[in-house]
Structure formats: C-alpha cells, structure tokens
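Tertiary structure, described
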Amino acid sequence: MKSGGLVAVPDRGGDGAPILDEAEGESFAMLQPFVGIVLGDSDAQESGTLYITTRRLVWLSDRDISKGYAVDFLSLSMHAISRDLEAYPSPCVYCQIENGDDEYCEDDEDEEEDEVANGDANLSKIREMRLVPQDPAVLDNIFQVLCECAALNPDPQGEREGEGEWFFNAEEVMASENLERGMEGLEVQDSRFEDAEEDPEDE
Amino acid sequence: MLFFSYFKELVGKEVTVELKNDLAITGVLHSVDQYLNIKLENIKVVDEIKYPHMMSVKNCFIRGSVVRYVQLPVDGVDVEILHDATRREARGN
C-alpha cells in the first residue's frame, strides 16, 4: 500500500462519523470532539471532531458536512505535543506528513493538472498539521493513541526487498565465492572453445 | 532484531535522529519498538531556523520508516559487544 499523504474526506456515514474500511479491519480507536485543525503554515483554525482509527487519523469539520481530512499512519512520519505557547499560541498535537510520492516525482505535472481541476490536490503538498483540542488535558491521550495506532501500521515488508543484496551468514558468502571459483574452473577446463581463441585472421 | 535490541540499550541516553526529510532531532531516547518507531523526550531540533515549528515541541514519536540515521553517544557504543552481536546475528539466529 502506498502512503498517500493528506487526503480529503468529503463523505461521512449516517451517524456523522467517518466511513470505515471494515473489510480491511479498520475500527475506531478514539473519538475526540472540539478539536481544531490547522494545515501547513495557515493561521486558519477550523473546529471539528477528531477520529483516530486503527489505520488513519480523520478529522471532520463541524461546520461543513462535506469537509474533512484524513492521513493514514503510513504517511504520518512524526507526531508530537506542543505546549510552548511562545512558539505556538495554543497547546496542540503537531504532526508531520509525508507523501509516498515525494522521493520519486517532485513537481509532478499531473499534480499541477489536478490542482486546476480540484483545489484539494493542494492537500498532497501539506507537510505539517496541528490538532488543537479545546481542552488541552486531552493532548496526552491523543498523543498516546496515535503512538499505539502507528505501531499497528508498520510499512509493508515488501518495500524493504530489493534495497540491496545482503549476505546474512558466512555460508552464503562462501557459497557465492565458491560459485565464482566454480565458474572460473569451468572456463579453464572447458575445451570446447579452445580453438576459438583470438585468431587475428578472423578479424 | 539486532538494531531493536541494541537501541533498547540506549533508552535514557541522548541520541540524534536524522529523518529522510533532513530534519535532525536531538533528544533523550524514551522508547523504541520492533519497527524502530522512536519516542524522544526533551527534544531539540538541530537546525531550528529551518524548522521553526518544531521549537514548540518537547517530545515526539517518529515513525521508524522515516529514520535515515541515528547518531549515538560515544559512550553508548561498545564496539566489542556490537561486533559480537553482529556476528551472532549473522550466524543466523
């Protein structure tokens, strides 16, 4: 599964909560009303409800039922509690978001096109997010639940394969050396091509 | 699992975690799990000018998959023990 960064959540269930991917085993871990959200460098804070599921962090607006955001745990590279009021005026949970595409196609042309069609495409460029609960007492709890759910979502093992050929024990190393030596031996002993040695007249 | 066991030994020590997005954070290692997710306390961002938003933060959880390097305290590295542990791991436990 590719990490998708921050995405829009335009739909919600009949109960006003996010629609879970139950087939994939997604379930709620936390529901916290009265949580403001601040995206990127923006000053604008909007009030809503925070849901943490076993797979994603979802925030749904109080004001606009078609507005909401989600970020899956694979894209949530860091989260932290911010309490220093000089650095940021409200205690909050600070998150850094990465988008799986970053390394491969920065300034992707398709993205530019999407932007024209849909303002929400800008979301994929959001790298920072603040969750500002009305009651700062819940900060520790939010932080803790995010830690627990992040641990439920390790990166798919497959991504690590192909990063390089590693030898894991001495036998493997010896085996590969023997293989090479065996090949050399083959060349030396193979008489089939003896008459194929560089023949100046052939060239 | 070698790194997991090794990092567990470093709990309580100060380390610098460099992320793949170039952010480097120094802090006291609070905990680490099998995916090398790392919790740091009393953190300080190495390049505060570049990452002003991190200045307000005292502790953080870092996803293991975004970590590029962990810089260790000199006294946190016992080369002999690490050498042995690496060999044992290599023998295929």
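Now for a look at the structure at hand. Because the structure is a prediction, the values reported are computed rather than measured.

**A look at the overall build of chain B**
The helix and strand tally for chain B stands at two helices and five strands. When the helices and strands of chain B are placed in sequence order, the string is α-β-β-β-β-β-α. Burial statistics for chain B: of 93 residues in total, 41% are counted as buried. Carbon together with sulfur atoms contributes 54% to the accessible area of chain B, which is approximately 5400 Å² in total.

**Looking at the overall build of chain A**
Scanning chain A for helices and strands turns up three helices and eight strands. If you list the helices and strands of chain A from N to C, you get β-β-β-β-β-β-β-α-β-α-α. Here chain A holds 203 residues, and 37% of them are scored as buried. Considering only contacts in chain A between residues 6 or more positions apart, those separated by 24 or more positions represent 60%. Of the roughly 12700 Å² of accessible surface on chain A, 49% is carried by carbon and sulfur atoms.

**A short note on the environment of Leu60 of chain A**
Residue and element names in this part refer to chain A. Mapping Leu60 onto the fold places it in strand E4 (residues 56-61). We classify Leu60 as buried; its relative accessible area is 1%. Taking the C-alpha atoms as reference points, Leu60 and Thr49, separated by 11 residues in sequence, lie 5.4 Å from one another. Residues within four places of Leu60 in sequence aside, it is in contact with Val9, Arg12, Gly16, Ala17, Pro18, Gly48, Thr49, Tyr51, Lys67 and Gly68.

**Some thoughts on the interface of chain B and chain A**
A common measure of how large an interface is: the accessible area buried when the components associate. Listed as interface residues are 24 residues of chain B and, on the opposing side, 29 residues of chain A. The largest contributions to the chain B side of the interface with chain A come from His53, Phe61 and Arg63 of chain B, which together make up 35% of the buried area. Asp155 of chain A serves as the salt-bridge partner of Arg63 of chain B, at 2.4 Å between the closest nitrogen and oxygen. At the boundary of chain B with chain A, the tally comes to seven residue pairs in polar contact (both at pLDDT 80 or more). Taken together, the elements giving at least two residues each to the side of chain B that touches chain A come down to strand E4 (57-62) and helix H2 (79-90) of chain B. At six residues, the largest contribution of residues to the side of chain B that touches chain A is made by E4 of chain B. In the side of chain B that touches chain A, the residues fall into 12 nonpolar, six polar and six charged. Inspection of the sheet shows strand E6 (residues 76-82) of chain A paired to E4 of chain B by five bridges, in the antiparallel sense.

**Here we look at the packing of aromatic side chains**
Evaluation of the coordinates by the stated rule reveals four aromatic pairs over all chains. Taking 5.8 Å as the distance between ring centres and 15 degrees as the angle between the ring planes, the aromatic pair formed by Trp59 of chain A and Tyr69 of chain A counts as stacked. Of the two residues, Trp59 of chain A is situated in strand E4 and Tyr69 of chain A in strand E5 (residues 68-72); the sequence distance between them amounts to 10 residues. No difference in accessibility class separates Trp59 of chain A from Tyr69 of chain A, as the two residues are buried. Of the aromatic side chains, those joined through ring pairs into one cluster are Phe3, Tyr6 and Phe7 of chain B. A cation over a ring is seen here: Arg130 of chain A above Tyr88 of chain A, with NZ or CZ 3.9 Å from the ring centre. Across the ring face of Phe4 of chain B, the terminal group of Lys8 of chain B is positioned such that the distance to the ring centre comes to 4.4 Å.

**As for the state of the cysteines**
Under the criterion given, the structure shown has zero disulfides over all chains. Here Cys147 of chain A stays free of any disulfide, with the sulfur of Cys60 of chain B as its closest cysteine sulfur at 9.5 Å. With relative accessibility at 5%, the residue Cys147 of chain A sits in the buried group.

**Digging into the pattern of salt bridges**
Residue and element names in this part refer to chain A. Evaluation of the coordinates by the stated rule reveals seven salt bridges over all chains. Between Arg56 and Glu26 there is a salt bridge, and its shortest N-O distance comes to 2.8 Å. Of this pair, Arg56 sits in strand E4 while Glu26 sits in the loop between strand E1 (6-8) and strand E2 (28-39); the two residues are 30 residues apart in sequence, bridging distant segments of the chain. When salt bridges with common partners are traced through the structure, they connect Glu46, Arg63 and Lys67 into a single cluster.

Reading guide: rules and limits
- Residues numbered from 1 in each chain as written.
- Chains lettered and ligands numbered in written order.
- Predicted model: local features only at pLDDT ≥ 70, side-chain atom pairs only at ≥ 80, totals over all residues.
- Heavy atoms only, no water.
- Helix = DSSP H or I, 4+ residues; strand = E, 2+ residues; numbered from the N terminus.
- Buried < 20%, exposed > 50% of the residue type's maximum accessible area, 1.4 Å probe, protein only.
- Areas by Shrake-Rupley, 256 points an atom, 1.4 Å probe, with all protein chains shown as cover.
- Contact = heavy atoms within 4.5 Å.
- Buried area = accessible area lost by both parts, 1.4 Å probe.
- Salt bridge = Lys/Arg side-chain N within 4 Å of Asp/Glu carboxyl O.
- Polar contact = N/O pair within 3.5 Å; in protein donor to acceptor, adjacent residues only side chain to side chain.
- Nonpolar A, V, L, I, M, F, W, Y, C, P; charged D, E, K, R; others polar.
- Pairing = 2+ DSSP bridges.
- Phe/Tyr/Trp six-rings, centres within 6.5 Å; stacked < 30°, edge-to-face > 60°.
- Lys NZ or Arg CZ within 6 Å of the ring centre and 35° of its normal.
- Disulfide = S-S within 2.5 Å.

Keep in mind these numbers describe shape, not what the thing actually does.
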